[in-house]
Amino acid sequence: MRLWLAAGGPAALKVMAAAGAACAPVRVLWGGPSEQPLAPLSPPWVPALELDSGTVLFSPNAICQFFFLARGEEPTDLTNQWLEWEATELQPAASAALYSQLVHGKKGLEAVEALGKLLAYIEQGLSRRGTAYLAGDTKSVADVVVWGTLFPVLQDETSLPIELQALKTWFQSMTHSEACRKAADSVLMPKALLELKSYLQKQPPPCLAMERAPSNEPEPSLQEEEGSERALTEEEITAAADAWARGAAALPKPWQPQKPVLPVEGMRNVLITSALPYVNNVPHLGNIIGCVLSADTFARYCRLRNWNTLYVCGTDEYGTATETKAVEEGLTPQEICNKYNAIHADIYRWFDISFDYFGRTTTPYQTTIAQDIFQRLLARGFLLQDTVEQLRCENCQRFLADRFVEGTCPFCSYEEARGDQCDKCGKLINAVELKNPQCKLCRGIPVVKPTQHLFLDLPKLEERLEPWLEQSWATGDWTANARYITRSWIRDGLKPRCITRDLKWGTPVPLDGFHDKVFYVWFDAPIGYLSITANYTDQWERWWKNPQQVELYNFMAKDNVPFHSVIFPCSLLGAEDNYTLVNHLIATEYLNYEDGKFSKSRGVGVFGDMAKDTGIPADIWRFYLLYLRPEGQDSAFSWSDLMLKNNSELLNNLGNFINRAGMFVCKFFGGTVPNMVLTPDDKRLLARVTLELRQYHQLLEKVRIRDALRCILSISRHGNQYIQVNEPWKRIKGDEKDRQRAGTVTGVAVNMASMLAVLLQPYMPSVSLAIQGQLCIPPDCFVLSHDFTCTLPPGHRVGTVSPLFQKLENDQVEALRKRFGGGQLEDLAVEPQAKRTPPVSEPSPAPATLMAPGDPQWIQELTEEVAKQGNHVRQLKANKAEKAQVDAEVARLLELKQQLAVAEGKSPEVPVPKGKRKK
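Because the structure is predicted, anything quoted here is derived from the model rather than measured.

Outline the environment of Ser354, supporting the account with residue identities and numerical values.
With respect to the secondary-structure elements, Ser354 resides in the loop between helix H14 (333–350) and strand S7 (357–360). Judged by its relative accessible area of 16%, Ser354 is buried. Between the C-alpha atom of Ser354 and that of Thr297, which follows or precedes it by 57 residues, the distance is 8.8 Å. Ignoring any residue separated from it by four or fewer positions in sequence, one finds Ser354 in contact with Asp296, Arg300, Arg303 and Tyr311. Polar contacts involving the side chain of Ser354 include one to the side chain of Asp296, which spans 2.5 Å.

Dropping the structure here:
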């Protein structure tokens, strides 16, 4: 193999390091950007690898991956996630930082600040997993690629902040490794770097995309990030003043669609679905933000934009989970569905979710539409029939669906694994693979018998799926996790997927020989979107068989992605009936509760039916859940943070500004908006607010819901600062000029408050309505445009102004934390194992007071403790602490790891020291 490298090229560093780390047998050819590389079409400075077959690779990351694959190291899902993050997030930012260093002469510390969030993301990844490397305890291609991107900017670990200890330790380890050290010595030669600088000086500066490293906090505004506001142009200031002067007459007229809402020729027709919640349980806060609340926020935004919008959802009511719940509660499946459908509807009503229709899947339309799609797939040869081995309970005289079987996991030996998946190790299971299986209905021992099932021929449909996906990705907005999860399914090759189950509660299979079976929930459930729409309007096909006029947005948590991006589209593509397929797939990560998981059985976390009993208004819940919406990575609900955000962002920032603006009109001007004479400073404020408004639109058009909320808070901060600087309460007591200035400031401020009422409506509809009532904002002004206009002109009368938010007190929050915290599990986590695991003959104690091996809450807590202690040990070593102190903390770390091993059902052996690891 021949490897062409340009000395000094940043990408050459990672490739050279990967070749060394993987011991790749390559012949290196050095050159410069002006020389012809092995791949003629590749840009300057990009490496190229010519394989023995003559094939040329010129993607640096692909070359690095090839070296490791050739050595027999298959990438894990975590490795692939790091590689995708490096390519889409880290690499553009690092390139911009390197440009600033070489061309603008910025120093290393400034570069580190520019990469701050990205470095914090790596720190978090290392700390949370407690591993030495990004994807585990051994070095992978991800480590080499990420290090290779960082090293040209950082050069050494001394420029890293002390608080990034895990990152610093990792970076130092990588830099001192033989492969990386040799690569740096050979690639980053002073003469070559001068040539690179000369080349970069002729190029325009890199433009960073808006996407940044994900975090719980909203991204800072430009002025917070850079320490100063972006300079406004005279054109922007003039345009903002002109838009203001045009007033409310320049706003579009609010669109009021007819009922039922149907697509309209020439309009933007937006169809929004949120993943159908299982009917057999009560949704917790994570379920609510992952699906219905995110979709509701976007639907409200779409309506404010005058887009013709239909938002549908409903309960997913068929399947094993419903039958299981019915058995547990001694009810029929239909009674269970009726009970929980009402609970779900009541919860979403309290959270002010603006469905156009909230339905359910147990309807005649569901049967009709699902069976029609099935028949069309059957007629076109996209279904297979096969015999499968399945567990049958002779006592119950039935084949057992996956969830009616429990046994010992064949992978991790967890004793309460379900027949479809192990809750401990997360692996998918075929029920017949379980050891010691039991029927959940009668506790009898089932036997393995053959039975016939139907399969969707996904391999045959793959040739239709892939071009559709490429087109949808190119034209639509899919979240990064949705793209990654879908690619991972396609990469491994699709396999036929069973679409029938041996159940009674479900959509019947209309085929001879299968009348005793029903459709599997993940074939059947997404069809619920169609049947729920059909129950809303008999003209449902105008939405669902109209891809030319309709844009479809699917909202869900990441675990639902494959069913919406692969299985359901394959079903619709194979049916060949001009179905509307998803254009934009929006998937969130997971929301955790404090330091653990939500658990109804343990009383841990806030569930939808409990939120209204806290005394905290629904809009506060909406605001906080959207504020920490897990858009790029998992986030965590925190009572302390909820109190902080309510008291700082809502009470002191947003509420304070809107209340002051309204009160000044009432107190100083008799409730009438005064005349305004704009100064250059006022016009600059209008332009600044316009920039924030347009950023709000850009983010929400890309469904960056959490980040768009930052724009609202930024506008109110501008407003508070404007009032503080101009002090209208003092000027109103001065001469005519001062009083006029007080009037102008008050008029501009109350118009900002009026605009904020509209911007807030997707997030906090009740608060928005309250502002509208207090300021008497005309209904025709409740529409979004891209310009900040004067909607409350001089002479407009406002109503009674009162505070919008109340302070949350620490005692109140602590009481709620205790109420929703379940048992004091932390104290029990270190009890001797004999106390935790009861004898087989004894009844199992309540989960809230006892933790047995496999308990996910216990595992989660110990995992966090291991990560925290590991970081503490690394800090002590970096600070060269006394050996006795380090040894004591290492012993504590080993103790925690042993406890974690016990919790995971493993043998609690003392870890093998580094350098003496067993092969």
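An account of unusual backbone geometry is needed here, citing residue identities and associated values.
At the junction of Lys259 and Pro260, the peptide bond is cis and its omega measures out at -5° in the coordinates. Within the secondary structure, Pro260 is located in the loop between helix H11 (234–246) and strand S5 (269–274). At Asn436, a position not held by glycine, the phi torsion is positive, near 50°. Note that Asn436 resides in strand S12 (residues 435–439). You can call Asn436 exposed: its relative accessible area is 62%. Of note in the backbone geometry, Arg443 takes a positive phi value of approximately 65° without being a glycine. By the secondary structure assignment, Arg443 is in the loop between S12 and strand S13 (447–456).

Kindly report on helix H29 (residues 765–775), identifying the contributing residues and their values.
Looking only at H29, the buried set comprises Pro765, Val767, Ser768, Ile771, Gln772, Gln774 and Leu775. One or two residues past the end of H29 sits Cys776, with phi positive at roughly 55°.

Explain the sheet that holds S12 to me, and be specific about the residues and the numbers.
Sheet architecture is open: 3 strands sit in the order S11-S10-S12, paired in antiparallel fashion. With partners counted over all chains shown, the strands left at the sheet margins are strand S11 (417–418) and S12, one partner each.

Can you lay out the environment of Pro161 for me, pointing to particular residues and giving the numbers?
When you line up the elements, Pro161 lands in the loop between helix H6 (141–154) and helix H7 (165–176). Along the backbone, Pro161 and Gly116 are 45 residues apart, and their C-alpha atoms lie at a distance of 9.5 Å.

Break down the pairing of S5 for me, citing the residues and quoting the values.
Note on strand geometry: in a regular strand, side chains alternate between the two faces of the sheet. Counting buried positions along S5 gives 6 out of 6 residues, so the element sits mostly inside the fold. A two-sided burial pattern is seen for S5, the buried positions comprising Asn269, Leu271 and Thr273 on one face and Val270, Ile272 and Ser274 on the other. As defined by bridge partners, S5 adjoins strand S6 (residues 308–315) across 5 bridges and the pair is classed as parallel. The residue bridging Asn269 from the neighbouring strand is Asn308, located in S6. What joins S5 to S6 is helix H12 (residues 285–304), and the crossover it makes is right-handed. Summarising the sheet, S5 and strand S17 (residues 550–557) pair through 6 bridges and their orientation is parallel. Bridging from a neighbouring strand, Thr273 pairs with Asn554 of S17.

So, the nonpolar core: which residues are in play, and what are the values?
Grouped together as the largest cluster of nonpolar side chains are 182 residues, with contacts concentrated most on Ile272, Ile373, Trp639, Tyr696 and Tyr763. Not counting the four nearest positions on each side in its chain, Tyr763 is found in contact with Thr297, Arg622, Leu626, Tyr696, Leu700, Ile705, Ala708, Leu709 and Ile712. In this structure, Leu83, Trp85, Tyr133 and Trp147 belong to the second largest nonpolar core, which totals 58 residues.

Describe the pattern of salt bridges, with residues and values.
The tally for this structure, following the rule as stated, stands at 45 salt bridges. For Asp707, the salt bridge is made with Arg704, and the minimal N-O distance between the two is 2.6 Å. Here the two residues Asp707 and Arg704 agree in accessibility, since each one is buried. Within this structure, Asp296, Arg300, Asp352 and Arg622 form a network of salt bridges that share partners.

Reading the values: rules and limits
Residues numbered from 1 in each chain as written. Predicted model: local features only at pLDDT ≥ 70, side-chain atom pairs only at ≥ 80, totals over all residues. Heavy atoms only, no water. Helix = DSSP H or I, 4+ residues; strand = E, 2+ residues; numbered from the N terminus. Buried < 20%, exposed > 50% of the residue type's maximum accessible area, 1.4 Å probe, protein only. Contact = heavy atoms within 4.5 Å. Polar contact = N/O pair within 3.5 Å; in protein donor to acceptor, adjacent residues only side chain to side chain. Pairing = 2+ DSSP bridges. Right-handed = clockwise from strand over helix to strand, strands pointing away. Core = buried A, V, L, I, M, F, W, Y, C linked by side-chain atoms within 4.5 Å. Salt bridge = Lys/Arg side-chain N within 4 Å of Asp/Glu carboxyl O.

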